[in-house]
Amino acid sequence: MPDQGAVVVISVKPSPVAAWFHHLLTKPVIELDGTEHVAKWGKQEIPVPPGDHRISVYFRYRGQADARLAEASTQFITGQTSRRVEITAGLGPLNGSGFRIGEPAVR
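Values in this document were obtained by computation on a predicted structure and should not be read as measured data.

(A) Structural view of the packing of aromatic side chains. Counting across every chain of the model gives 4 aromatic pairs. Measuring from centroid to centroid gives 6.0 Å for Trp 20 and Phe 21, while their planes differ by 85°, and the two rings are edge-to-face. Looking at Phe 21, the relative accessible area reads 24%, which means it is partly exposed. Summarising the aromatic geometry, the rings of Phe 59 and Tyr 61 are spaced 5.8 Å apart at their centres and angled 85° between planes, so their arrangement reads as edge-to-face. Grouping aromatic residues by their ring pairs yields a cluster made of Trp 20, Phe 21, Phe 59 and Tyr 61.

Below you can see the structure in the form of structure tokens.
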């Protein structure tokens, strides 16, 4: 981890009701400050410098390139002493439910 940055630890979770479907047929995407990160269902870490940040989470069906399904976004700020930001994004249970992003915990 860089001396003057933090790591965003984001946990992306499908609904337990449809988890099998999402694990087989979809891929989550994390967009952090305008840069897409193709993710996986579960935890991932992305380094960030100090400053204001915007994070969006959505999914695509495998093979799609541009879809932004069930998208949700939030913002957070990291300072010079921030080392870790923990975020949970959970997908709702119904077809058409969006992600719910918990309050980012900046440490």
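(B) Structural detail: the sheet that holds strand E3 (residues 35–38). One open sheet accounts for 4 strands, arranged E3-E2-E5-E6; its pairing is antiparallel. Taken across any chain shown, the strands that pair with only one partner, and hence form the sheet edges, are E3 and strand E6 (69–78). Neighbour-to-neighbour, the strand axes of this sheet turn through a mean angle of 20°, independent of strand direction. Where strand E5 (residues 51–61) and E6 come together, 8 bridges link them in antiparallel fashion. Paired with Val 57 across the bridge in E6 is Ala 72.

(C) Molecular detail of unusual backbone geometry. With phi around 55°, Asp 33 is a residue other than glycine that occupies positive phi space. Counting through the fold element by element, Asp 33 comes out in the loop between strand E2 (26–32) and E3. In this structure Asp 33 comes out as partly exposed when scored by relative accessible area, which is 40%. Backbone geometry places Ala 70, a non-glycine residue, at a positive phi of 60°.

Here is what the cut-offs are and how they apply
Residues numbered from 1 in each chain as written. Predicted model: local features only at pLDDT ≥ 70, side-chain atom pairs only at ≥ 80, totals over all residues. Heavy atoms only, no water. Phe/Tyr/Trp six-rings, centres within 6.5 Å; stacked < 30°, edge-to-face > 60°. Buried < 20%, exposed > 50% of the residue type's maximum accessible area, 1.4 Å probe, protein only. Pairing = 2+ DSSP bridges. Helix = DSSP H or I, 4+ residues; strand = E, 2+ residues; numbered from the N terminus. Axes fitted to C-alpha atoms, helices over the stretch in contact; angles between N-to-C directions.

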